[in-house]
Amino acid sequence: MERSMVVLSVMFLGFLLRTSAGQSATPEGVLNCCEGDVLFLLDSSGSVSKYEHSRMLTFLSELILPFSLGEDQVRVGLLQVGTQPRLEFGFDRHTTQSGLQGAIRNTIPLRGDTNTVKALKMAKERVLRPGANSGSREGLPRVLVWLTDGVKPGDVIGPMAALREEGVAVLVVSTGHGNYQVLRQVVTPPVEDHLYFVDIDDMSIITEDLRNAIIEIIRAERMHVRDISTNSATLQWRPVLSGLNGYYEIRFGPVPTGGGGGGGGTGTSPGTGPGQYQRITRPAESSSTRLMGLKSDTTYTATLTPASNEQEFNSLTVTFTTKPEVLSPAVVSVTESGPTSVWLSWGPLQAEMVTSYRIEYSALPRGKVHTITMGRTQNSTQLRNLQPDTTYLITISALHASGKEKAMSVKACTQEVTPALADLQLTTVGSDSVQVDWKGSASGLRGYWLTWEGQWSSASGRRSSLYLPPDSLSTRLSHMPPSARVCVSPIYRTARGEGLCCTAQFHSEAAAYGYQS
């Protein structure tokens, strides 16, 4: 009975091993989809046990096994984190999966401190710098995958941000469950696709998701659309025909109304006549083209088909929407406002689209409407003979050659008139008093502001001030310091008018002073 149990146990164990081996077997180098440089930042400091380090290497090995390697494919580098970070191998080291897998298996942990900041400095200055020795390639996607236990990551937010600003995509796998706020700040958005928390014994469950996230970043079989305007866009693709005989066929046209616009298909018109689509060709060395004559605010589908007798390629399709047409005036600015004038400007200047501009302005709430007409090449003017301290409603209308008319309104305020003080006289009374008389304008006046201080005595720098109502035209100040300087300024609703100053000469050396009105 015991012998039967042993035999059954051995058979069951063999079955488990075969099943496990079957499940983990991944086809080698079958992903001929991508082109880019992927650097793995592996935490092998003292906080990571030998077992955990081994599990991370196994995960890394399975993760990259399906990728095709080479100069025009995917390249992989490994940088270990310890007290002194070490580049195990750069991007130009391994061009075959057998060599790469052997290097991963032979990687020995560094131990020591978790000096991630120093490792990131090495990555930025050497490994991920395009054109550097053993560095990344120009013009291709760069990816940094950080495998960490999440313990004491260090001050990595700044260095990671610097890498992202240079175009490096950052992904993180943490076998711990701490420092979430730090790790979520270092990954490239979206966080839910590029940040993974997983137990060390369950890393295989995220292998496919992480691999797909990397593929989305370095996928070569995709076409980009950039520099989209109201009537044009640039298509950019990987030059797969370089060195071959052939050409690129590009078909593009607006997505039919009600036709979906999902961006799929072979590039033939779905449900519309052939006249809706345009066809252009580009030579085999091309990697971009500019689509011209597009309609504004319209969704287009573009399909690129590499044609060659030497090799077969898939067609690439992309969908994009042109920008809405911006009709002038889109921006109106009021500057250099004065009591009787304002300077008005607007944009954008569209001399080829606009026939004339009409400017209407009136004082609020019910002032007379004034109208002036400007030529199509003008985008600024000065409105004169306005009323001071008044709010105006200004409307600029552009008559377009297409028959459309667009208007935009703004409010502008003229400045208040603030007349200067007309006259100021000082009359000394006794040895320390002075009679102050002035002449001012009563229109819009809110009062007067008086200031005085000594100039050449121990009282110098001690300034006193006094506010007087608008009907005041004189006051007497006593206990004044010798050589007191007196200034009077008119005060209006929005500002202080220009004042006048005079100096009262005394022969007394009195230091105590005040005022009396």
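Within each chain, residue numbers correspond to sequence positions counted from 1 in written order. The predicted origin of the model limits local features to residues at a pLDDT of at least 70 and limits the giving and counting of side-chain atom pairs to 80 or more, whereas totals for whole chains, interfaces and linings rest on all residues. In computing side-chain properties, one takes all heavy atoms of the structure into account and sets aside hydrogens as well as water.

1. Focus on the sheet that holds strand β13 (residues 316-321)
At least two bridges found by DSSP between two strands is the condition for calling them paired. Strands are runs of DSSP state E lasting at least two residues, helices are runs of H or I lasting at least four, and both sets are numbered from the N terminus onward. Strands sit in the order β10-β9-β12-β13 across an open sheet of four strands; the sheet is antiparallel. Only two strands of the sheet have a single partner each, and these edge strands are β10 (278-283) and β13. Direction aside, the axes of adjacent strands within the sheet are offset by 20 degrees on average. Here strand β12 (residues 299-307) pairs with β13 via six bridges, running antiparallel. Pairing of T301 across the sheet is with T319, part of β13. With axes taken as lines fitted to C-alpha atoms, and helix axes fitted only over the stretch in contact, angles between N-to-C directions fall between 0 and 180 degrees.

2. Some remarks on the packing of aromatic side chains
Geometry of aromatic contacts follows a simple scheme: Phe, Tyr and Trp rings, the Trp one being its six-membered ring, pair when their centres are within 6.5 Å, and the pair is stacked under 30 degrees between planes, edge-to-face over 60, tilted otherwise. Tallied over the entire structure, the rule returns five aromatic pairs. Pairing Y180 with F197 gives two aromatic rings, centres 5.8 Å apart and planes at 45 degrees, and the pair type is tilted. You can see Y180 sitting in helix α6 (residues 180-186) and its partner F197 sitting in strand β6 (residues 195-197), a full 17 residues away along the chain. In this structure Y180 comes out as partly exposed when scored by relative accessible area, which is 39%. A relative accessible area of 27% places F197 in the partly exposed class. On the basis of an interplanar angle of 55 degrees and a centroid distance of 5.4 Å, the ring pair of W346 and Y357 is categorised as tilted. Separated by 11 residues along the polypeptide, W346 in strand β15 (residues 342-347) and Y357 in strand β16 (residues 354-363) bring together distant segments of the chain. Only protein chains enter the accessibility calculation, which uses a 1.4 Å probe; a residue is then buried when its area is under 20% of its type maximum, exposed when over 50%, and partly exposed in between.

3. A look at the sheet that holds strand β7 (residues 224-226)
What the three strands build is an open sheet, ordered β7-β8-β11; its pairing is antiparallel. Sheet topology places β7 and β11 (288-291) at the edges, where each strand pairs with a single neighbour. Averaged over neighbouring strand pairs, the angle between their axes works out to 25 degrees when direction is ignored. By the bridge criterion, four bridges tie strand β8 (residues 233-236) to β11 in an arrangement that is antiparallel. In the sheet register, L235 faces β11, and the bridge partner there is T289.

In short, shape yes, function no, at least from these values alone.
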